[in-house]
Amino acid sequence: MDIGTATIVMIAAIFGLLVTGLPLAFITGLVAMVFTFGWFGEMALPLVTSRVFSFITEYSLVAVPMFVLMASLLDRSGIAKDLFNAMRVFAGRLPGGVAVQTIVVAFFLAALSGIIGGEIVLLGILALPQMLRLGYDKRLSIGVVCAGGALGTMMPPSIVLIIYGLIASVSIAELFTAAITPAVILMGSYIAYVLVRCLKNPEMGPPLSADTQDNPFDSKLEAAKAILLPGMIAFLVLGTIYGGIASVTEAAAMGVFGVMLAIVLRGEFSIGMLHHSLGQTLNTCGMIIWIGIGAAALVGVYNLMGGNRFVSGMILGMEVAPIVIILVMMAIMLVLGLFLDWIGIAMLALPIFLPIVTQLGYDPIWFGILFAVNMQVSFLSPPFGPAAFYLKSVAPPEISLKDIYLSVLPFMAIQLLVLAALLVWPQLAIWPL
């Protein structure tokens, strides 16, 4: 069997096993073992395990459980709820004001945690019922919650960017710096879309009247105090990274300390909260590590078979402009996003694509931002977009999966437009570097 046929068989085996419902980590590990023994024999096994060992012993990986724990603690505290209520004071009587407020709060939460699923659930509990009660258009409300929650893939400290940095062997701090401008552009684009729709048709987002502003904060000063605490936590994490005071891993630990201190000062800390947060952290990180182990083994054996040279030769042999090759990569990842989660795509596709990107002369930092925006699209895209299932778990019963899928389409179009802008103007991402 030549490497081309082996590539087709390997891809078919992965997608065939996915249909059975087996976890991706077990599928990739199983396929890796079959090809290792079938192609090389048992003597090649130590070479594959050494690749797995190098992945799980990467020091920067320690930042992942820290940021997951930080997000889990925030989910169970009242900090996010107070932030949402405080922003309502500033939303005022602007058409679509609550939707705009939801997007801004989502941006703040993304800067605090970098975890996507928790944001969707939190906004689904806090913001969605509020918008529906005030008579907001159902699809606009759902789209705002899903798209706002997806900002966690872009806004530092994004777990997506941390994993990309580990795979690409690039500075995670530089990735965080490059991601800020595109994240702000995405947030601004969402807000602009909401305002245009609501100004054109005020019934889609009715302005708040005096009798609907049931806000626990009586003044903007009190609301500003509620915003100050999460702002200080975000500054503690991101400020120390950008200031060169702490590494990403150290800043993650400082973030956990800051959130824990805030929860204690607010009188919300309990052993039960800590127990549930640690359990969620173990579950999430266990999933990431197991998928990483399986994918590292699969990519390792494929490279030993000569797969990286085969793919590189095939792609670089295309008589097209280099940017067309980047577009093909983006299209492949968009298709994979219909079936796989972001960690699976990162572990399987990036080790093959990144060497080609550098050979073409492109900046891997820029490509990392493209990847993060691409994963935002996959997070929303049907039929397996995780955002739909996260929101469905907390949404009112009358909201169906079909409603959610239809609601996110305009926001997916915005994400694709921003992706196109980054392809045309790379400086939008890399200008601060």
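Scroll up to find the structure this text is about.
Presented here is a report on the structure given in the accompanying data block. Since this is a predicted model, take the numbers as computed values, not measurements. (Residues numbered from 1 in each chain as written. Predicted model: local features only at pLDDT ≥ 70, side-chain atom pairs only at ≥ 80, totals over all residues. Heavy atoms only, no water.)

### Describing the pattern of salt bridges
In this structure the tally under the stated criterion is two salt bridges. Here lysine 138 ties to aspartate 403 by a salt bridge, and the two come within 3.3 Å at their closest N and O atoms. Residue lysine 138 is found in helix α8 (residues 138-150), and its partner aspartate 403 is found in helix α19 (residues 401-424); the two are separated by 265 residues along the sequence. The residue arginine 266 makes a salt bridge to glutamate 268 at a minimum N-O spacing of 3.0 Å. On the basis of relative accessibility, which here comes to 30%, the residue arginine 266 falls in the partly exposed class. (Salt bridge = Lys/Arg side-chain N within 4 Å of Asp/Glu carboxyl O. Helix = DSSP H or I, 4+ residues; strand = E, 2+ residues; numbered from the N terminus. Buried < 20%, exposed > 50% of the residue type's maximum accessible area, 1.4 Å probe, protein only.)

### Side note on the side chain of threonine 7
Within the fold, threonine 7 resides in helix α1 (residues 3-18). Look past the residues within four positions of threonine 7 in its chain and what remains in contact with it is Tyr302 and Phe310. (Contact = heavy atoms within 4.5 Å.)

### Remarks on unusual backbone geometry
What is expected of a backbone is that most residues other than glycine have negative phi and most peptide bonds are trans. Residues proline 156 and proline 157 are joined by a peptide bond in cis, for which omega reads 5°. On the secondary structure map, proline 157 appears in the loop between α8 and α9 (159-168). Non-glycine residue serine 169 carries a positive phi angle of around 55°. Along the chain, serine 169 turns up in the loop between α9 and α10 (172-200).

### Re the packing of helix α17 (residues 364-380) against α19
Pairs of packed helices are described in terms of their axes, by the angle between the two and the distance that separates them. Across the interface, α17 lies against α19 with an axial gap of 9 Å and an inter-helix angle of 170°. On the basis of their axis angle, the class for α17 and α19 is roughly antiparallel. Counted together, Trp366, Ile369, Leu370, Val373, Gln376, Val377 and Leu380 of α17 and Val408, Phe411, Met412, Gln415, Leu416, Leu419, Leu422 and Leu423 of α19 form the full contact between these two elements. Residues of the contact of α17 with α19, tallied by class, amount to 13 nonpolar, two polar and no charged. (Axes fitted to C-alpha atoms, helices over the stretch in contact; angles between N-to-C directions. Parallel < 35°, antiparallel > 145°, perpendicular 65-115°, else oblique. Nonpolar A, V, L, I, M, F, W, Y, C, P; charged D, E, K, R; others polar.)

### Some points on the state of the cysteines
This model, assessed by the stated rule, comprises zero disulfides. For the unlinked cysteine cysteine 146, the closest cysteine sulfur is that of cysteine 198, found at 17 Å. (Disulfide = S-S within 2.5 Å.)

### So, the side chain of serine 72
Position of serine 72 among the secondary structure elements: in helix α4 (residues 63-76). Taking the relative accessible area as the measure of exposure, serine 72 reaches 1% and is therefore buried. A distance of 2.7 Å separates the side chain of serine 72 from the side chain of glutamine 280, its partner in a polar contact. In this view, serine 72 contacts His276, Ser277, Gln280 and Thr281; residues no more than four positions away in its chain are not counted. (Polar contact = N/O pair within 3.5 Å; in protein donor to acceptor, adjacent residues only side chain to side chain.)

### Re the nonpolar core
The biggest cluster of nonpolar side chains holds 156 residues, and the ones touching the most others in it are Ile163 and Phe367. Once you skip the residues sitting within four places of it in the chain, isoleucine 163 turns out to touch Leu61, Val64, Ile288, Trp342, Ile343, Ala346 and Met347. (Core = buried A, V, L, I, M, F, W, Y, C linked by side-chain atoms within 4.5 Å.)

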